[in-house]
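# Residue-level structure breakdown
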Amino acid sequence: MDMCAAEATASLLHVEENFSACLARIDALIFKPLLQAEPSDQKGKENFKLFLLLNDRFQALWNLTEENYRIVKQKYSTSESFCIQDIYIVWKGDLFLSLYIQYFVTFANYVVVHGFEHATKSKSEAWKHHKTVLKQFLTDFTSETSMSLALHTVLHKPIRDHIEQYILLLTKLNEVLKEGSEKDVVTSAVKEYVKLESFISQVLDEACFTKTLWKSLGYKFTDMLCVPERRLLEDSRNLPISASTNRSDRILLFDDVLVLIQGNSFQSFDLKLVWVDENCREKSTPGLYGLRIITPEETFFLSAKDPQMKAVWQWKLNQAIRQALNGKRDFPLWGKTGEGTEPPSCRFFTYVFRLESKFKSASYEGEWHWGKPHGKGTVKWRDGRNHVGDFKEGLEHGFGICLVPRRSEDRYDCYKCHWYEGKMRGYGICEYGNDMVYKGYFKDNVRQGFGILENHSAEHPFKYTGQWENDKKNGYGVWEDKDRGERYIGTWLDDHKHGQGIVVTQSGVCYQRTFHADKMVGSGILLLEDDSVYEGNFTEDLTFVGKGKLSFANGFILEGTFTNKSGQGLQTQGILNTSNEQPDERITKTQLGLKEFPVEKRWKGIYDQFLEFIHSGCKEETEESFTGFHIQTSKELRKSQEYLFCHRGTEDVSWKIEDILEELVHLKELESLQRYLEKALKSSLHPLGKLLKALTIAFQATYSGIGANRHLLTMAQEEVKYYAKKIWEFYQGLLHLALEQKGQMPAKCVDGETSDQKACSVVLPLILPCFYPELFMLYMLYHEREDDLYCQGIVDLSLFPDIKLLEFLDVQKHLWPLKDLTLTTNQRRSLIKDKCFLSATECLQKLITTVDPREKLLILQKTYEEIESTVSRVVETDYKLPMDDLLPLLMYVVSRAKIQHLGAEIHLIRDLMDPTNQGGLYDFLLTALESCYEHIQRMRLHQRENCHLSHSS
């Protein structure tokens, strides 16, 4: 091995010595004189810059050769052992190849722009003086008489010859090497130098081909198209092909653009945005073989007379496009046998649209597919509009953010929305430049469906929650005027209150009227703070006018005609009926909106979106578009998009649609279904959880704050029940879709329960916590008077010691737990309080710790069991309490538990408990609790009446 390496090193030193001497002569006799002859004309100056770069490449090549030559020569003279690593053209092969490629590419660029022709025409004195010496030098290399051709030859031929010597030297070395890693290294090096030789040959051929083209074209085309780095790859005059009828006289394929020349004009197409479709059925002319050329704004056909011609053009086009996309030429340029992969159909690029379209003059930066924006991208228009988001087949499609400048102000409207085929469709958030924010659904670029519009400005703050149609408020909606402290609940038409409406004020006054274009018409019902009710006509400032009936809280009724003259106050002419001294609950507790706003017609916009999502097959890419209303801030919107498009870890609960549908099929037991629904409804990523969030927002917009009015209780209560029904329906819809996709039929209900019963028993307890604060507030307001009486009764009863209270409530003495009355020093048994039935009292107090009617009933049952257990301990036998004994004992426990708002609690349980519990133990215990509650009220009421009578007497 050492002998082989030594001989190769000696040969290499000899070759390099001669080559270095040749390079020195070229440098002294060509580069240095030409560098002194700097031209004065513009074209000459441009070419001179290119020649400077060529000189730099030449010097780098020469320096590398000299440096390595010195190192090897020094080792050769001082060392007796050699190895492959000493042959630097092998182990430094990549560096050598790189410098040779750079030199010949720059050399070819200089050839293309007729650099040698311009250089030899230099008029500088230094150049004229040097010409004679140079001619003598050139004759050693070439017989060319033309100075420019001779220069061209001498600056490439010696270097190409030197590469051939490298190949010859390495081939000889390879022949004598034994099989092994070193032979493999040398074999690989030989292949790379052979490729380099092929590359140089192709580069020079392309340069000459391109140079000839620039000579044949007129000055106009050459000035606009000629770029030093540009290469002509094919010309329709050499390889005939024609474009669509009357499109062009000549087709030129360069390494960066495709050019169609027609008369005195031309069109150029950047290859990075050119797609070639060979499978086009359409042909430009019958009998021709066509290729469809697709660009961002134009599509045309190239037609060849035979399939071979078509195949060559197709291959050259595809390879040119692929190399343009890679940003570099192949090595060698076309490969050994013309192999090469197809260019990708998906690309990333920036383009400015020119032709008339919605994107005219706009720049698009992003992903492309077959000539159209497709994937992620950004469009910027000249007028300041920006759109960042998803595109499909040239149009906005998917999630996107669009900024639109406002004409009159230096502000923007910002749309963060889902798009469908170029138009806003689905859920979005629009932050307008005038401080208004819309969160809701769009269709065809306008607000459509359910949405919330809120004005955050200090001048006129308001909030609308409801239905939209054709960009206007239409249908059922809630308007809150924060300046006036009013909330309108009712129907709308073209941005105006129109039809039936309820107005609730901050002061507690509430009225229901018919509206026409924001104006009140006809008679209505006005519910005042003092429980008076007026039925008739009244003005916007709530002044009675015309015929009407005023029912007072004490039961009196005033019926007649009302007038309100300036300075004279309210006047009436009519009849005052005082025969009924008892307040009529049908009047004082009037419930509004039940007939006017059927529960199934409220919030249709929310349900419609979820229904459409199910009908569309629950496609994941449309999920946020249909069901996105759970997102209420820009931050949530961004996180939602990240969730949709990122890869989730195993620690996350997967709520991907296919996983949801798969899991639904396997839910057989009621218990597992309840666990699943509980998890789904708490998640903002599950469609049912998203639906619940949207309904919660609508409910709060109606009944929280100003909307907390007792006259809206039944509206709210039936709304919550209807929510449970709709959620159960949507669960059923998802289940049917899942079974359908698996080719299965939905199972029939075996327990005989209806959909409404299932909704009440399964779904309602799960969703109630979301609505409980607002709903319970309405129950408290509705039962406020009864609860006040009850609380006063509790205060009176709390004054009694245990024994006195048991006696007062007629609890039989043999049931008294006297053993529980433990005495301390100086304490009498008759004064001890809060010791009897303590476990039952503590149990009942837990009633307010849960919102679930089921759990409240279980607490009531547990209380009953604790009472019975205490009595059994007292009588020392298993004792079943009859109703006569239970009521006094339960009354005692209720009085000691001191639960506030017990009336609200009882009626909430009664209204929302599972219908299957009616008539059973739970119903019996709730009735018993209700009797205790009413008895405590009556005790207090009788006490009041007795007091009143004693004062009268």
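Source: prediction; values computed, not measured. (Residues numbered from 1 in each chain as written. Predicted model: local features only at pLDDT ≥ 70, side-chain atom pairs only at ≥ 80, totals over all residues. Heavy atoms only, no water.)

## Considering the overall build of the chain
- Scanning the chain from N- to C-terminus turns up 27 helices and 27 strands.
- Relative to its full complement of 953 residues, the chain shows a buried share of 50%.
- When contacts within the chain are restricted to residue pairs at least 6 apart in sequence, those whose partners lie at least 24 apart make up 52%.
- For the chain, the exposed surface amounts to about 46,900 Å²; the carbon and sulfur share of it is 51%. (Helix = DSSP H or I, 4+ residues; strand = E, 2+ residues; numbered from the N terminus. Buried < 20%, exposed > 50% of the residue type's maximum accessible area, 1.4 Å probe, protein only. Contact = heavy atoms within 4.5 Å. Areas by Shrake-Rupley, 256 points an atom, 1.4 Å probe, with all protein chains shown as cover.)

## Quick notes on the pairing of strand β24 (residues 533-538)
- Sheet analysis places strand β23 (residues 519-527) next to β24, joined by 4 bridges and oriented antiparallel. Residue pairing in the sheet places L527 in a bridge with V533 of β24.
- Two successive antiparallel strands, β23 and β24, enclose a turn made up of 5 residues, where D531 displays a positive phi of approximately 75°.
- Bridge analysis of β24 against strand β25 (residues 544-551) gives 6 bridges, and the strand direction is antiparallel. In the sheet register, E535 faces β25, and the bridge partner there is K549.
- Linkage of β24 to β25, two consecutive antiparallel strands, is achieved through a turn of 5 residues, within which L542 is found at a positive phi near 65°. (Pairing = 2+ DSSP bridges.)

## Observations concerning the packing of helix α2 (residues 42-78) against helix α4 (residues 93-112)
- Where α2 contacts α4, the axes come no closer than 9 Å and their chain directions differ by 155°. Judged by the angle between their axes, α2 and α4 are roughly antiparallel. Crossing angle aside, the handedness with which α2 passes α4 is left-handed. Taken together, the residues of α4 that come into contact with α2 (itself represented by N47, L50, F51, L53, L54, R57, F58, A60, L61, L64 and N68) are L95, F96, L99, Y100, Q102, Y103, T106, F107, N109 and Y110.
- Among the residues making up the contact of α2 with α4, the classes are represented as 15 nonpolar, 5 polar and 1 charged. (Axes fitted to C-alpha atoms, helices over the stretch in contact; angles between N-to-C directions. Parallel < 35°, antiparallel > 145°, perpendicular 65-115°, else oblique. Left-handed = near helix turned anticlockwise from the far one by under 90°. Nonpolar A, V, L, I, M, F, W, Y, C, P; charged D, E, K, R; others polar.)

## A few points about helix α16 (residues 657-665)
- Taken together, the buried positions of α16 are occupied by I657, I660, L661, L664 and V665. Relative to the axis of α16, the buried residues are bounded by an arc of 135° and lie together on one face.
- Buried residues in α16 make contact with α13 (604-615), α14 (623-627), α17 (670-682), α18 (687-703) and α19 (713-741). (Arc of directions from axis to C-beta.)

## Examining empty space enclosed by the protein
- Per the counting criterion, the structure on display carries 3 cavities of 30 Å³ or more.
- For the largest cavity, the calculated volume is near 50 Å³.
- Lining of the largest cavity is provided by F610, F613, I614, P687, L688, L691, F730 and L734.
- Looking at the lining of the largest cavity, the elements that each hand over two or more residues are α13, α18 and α19.
- Looking at side-chain class alone, the lining of the largest cavity contains 8 nonpolar, no polar and no charged residues. (1 Å grid on protein atoms, 1.4 Å probe; cavity = no way out; pocket = protein on both sides within 12 Å on 5 of 7 lines; lining within 4 Å. Points joined across faces, edges and corners; volume = space filled by probe spheres on them.)

## Concerning a nonpolar patch on the surface
- A cluster of nonpolar side chains, M883, L921 and F924, forms an exposed patch at the surface whose accessible area comes to about 230 Å².
- Summarising the element assignment, M883 is placed in helix α25 (residues 883-897).
- Taking the relative accessible area as the measure of exposure, M883 reaches 32% and is therefore partly exposed. (Patch = residues over 30% accessible without salt bridge, like charges linked within 9 Å, V, L, I, M, F, W, Y side chains within 5 Å. Salt bridge = Lys/Arg side-chain N within 4 Å of Asp/Glu carboxyl O.)

## A few points about the pattern of salt bridges
- Per the counting criterion, the structure on display carries 44 salt bridges.
- E396 is paired through a salt bridge with K358; the nearest N and O atoms lie 2.9 Å apart. You can see E396 sitting in strand β13 (residues 395-405) and its partner K358 sitting in the loop between β9 (346-352) and β10 (363-369), a full 38 residues away along the chain.
- The buried category is assigned to E396, whose relative accessible area is 3%.
- In the salt-bridge network here, residues are joined through shared partners; they are E206, D255 and R329.

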